[in-house]
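Summary of structural features
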Amino acid sequence: MTQPLNIVWNPSEGIDLGFFMIRYYSLMFVIAFGLGWFLMKKIFEREHESLDKLDSLFVWTVLATLIGARLGHVFFYDWEYFRNHLLEIFLPFKFEPKFEFTGFQGLASHGAAIAIIFAMYYYSKMILKRPLLWILDRVVIPVASGAIFVRLGNFFNSEIIGHETTSAFGIRFLHDKFSKAEAVNATQIANPKEAYNAIVTDPKFADLLAQVPAKHPTQLYEGFCYIFVFAILYFLYWKTNARLKSGYLFGLFLVLLFVVRFIVEFVKESQGGIEEELGLFSTGQWLSIPFIIIGLFFIIRAQRNPLAAS
């Protein structure tokens, strides 16, 4: 039987500038959107499209991603809670049992995908003046690259992790096992960062460290696979005539990305949602199936009628 590498994941919250903390999760989003803007700039230049329209695309994509991902989490995964805490949907606070700043905890990629499609419809009709599938075939390239960094952000946050494992890939997520309050209470060290470090390095807290199980780093599994999704789409756009097959790259993106998501879900811890009612698959898998089917439809459609327009 293989054994985990015994890696204990105890990341800092971010880069401390003294007067400001740059959180890694936020930094990954900035990198994702920044790289996305750069990639779309190159695409617009190749297609002789006005760069004046790029800023609008950036704004609509950012808003659609954040709002869609948030609403996706609310309605797909945790509506039972948010139906009684409506203000917390768009405010980064908890009001019960006490007022607390929490940040926006919970973003769902399926919700982001739906919102981006709607935003691109508006953008294509009102600003770009091109068919919807034209922009969808191209915007999925930076979206695929962005998905890589989003999953890295999840890894830094020790969230969306997998089941316990004895495989060599297992990682011990300290922050998943012990919250800040639990680490402080268990060590009697007031500073959470120092408390976490003590659990890892101080022999007298070895019993606490032993309680941290190795789990599948499913964020890294997804992020690694998304590198190939991005590479395939990038290659097909720049090196083949795939961009001329209306809907082909969009459909391929849906199939590749959500097949990856479907497979990784088998070793991912439950995120809640509709799986309790439907059974058999996880919520993430049930939500991925329609995207895969839609993607296959556009791939077949593009092959039969390459110049079809939306």
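Our subject in this report is the structure included herewith. None of the values given here were measured: they were computed from a predicted structure. In this numbering scheme, every chain counts its residues from 1 along its sequence in written order. Only residues with pLDDT of 70 or above have their local features reported here, since the model is predicted, and side-chain atom pairs are shown and tallied only from 80 upward, although totals for entire chains, interfaces and linings are computed over all residues. Water and hydrogen atoms were dropped before computing side-chain values, which therefore reflect all heavy atoms in the structure.

For the rest of this paragraph, the subject is the packing of aromatic side chains. What characterises a pair of aromatic rings is the spacing of the ring centres plus the angle enclosed by the ring planes. Working definition: rings of Phe, Tyr and Trp (its six-membered ring) pair if their centres are within 6.5 Å, and the pair is stacked with planes under 30 degrees apart, edge-to-face with planes over 60 apart, and tilted otherwise. Taken as a whole and judged by the stated rule, the model has 20 aromatic pairs. A centroid spacing of 6.0 Å and a plane angle of 85° characterise the contact between Phe155 and Phe173, whose relative ring orientation is edge-to-face. One end of the pair, Phe155, is in helix 5 (residues 132-156); the other, Phe173, is in strand 6 (residues 171-173), with 18 residues separating them in the sequence. Taken individually, Phe155 and Phe173 each receive the classification buried, so the pair is uniform in this respect. Centre to centre, the rings of Phe224 and Phe228 are 5.2 Å apart; their planes meet at 75°, and the pair counts as edge-to-face. Here Phe224 and its partner Phe228 are both found in helix 10 (residues 218-239), four residues apart, which amounts to about one turn of the helix. When accessible area is computed with a 1.4 Å probe and restricted to protein chains, residues below 20% of their type maximum are described as buried, those above 50% as exposed, and intermediate ones as partly exposed. A relative accessible area of 48% means that Phe228 is categorised as partly exposed. An aromatic cluster is built from Trp9, Tyr24, Phe155, Phe156 and Phe173, whose rings are joined through pairwise contacts. Ring-over charges, as used throughout, are those where CZ of Arg or NZ of Lys falls within 6 Å of the ring centre and within 35 degrees of the ring normal. A cation over an aromatic ring shows up here: Arg46 above the ring of Tyr237, its NZ or CZ 5.0 Å from the ring centre. Taking NZ or CZ as reference, Lys245 lies 5.5 Å from the ring centre of Tyr248, over its face. Strands here are runs of E lasting at least two residues and helices are runs of H or I lasting at least four, both read from the DSSP assignment and numbered beginning at the N terminus.

Before going further, it helps to examine unusual backbone geometry. Backbone geometry at His48 places phi at a positive 60°, although glycine is not the residue there. Along the chain, the position of His48 falls in the loop between helix 1 (24-46) and helix 2 (52-77). With a relative accessible area of 73%, His48 lands in the exposed category. Here Ile160, not a glycine, exhibits a phi torsion of approximately 55°, which is positive. Here Ile160 is to be found in the loop between helix 5 and strand 6.

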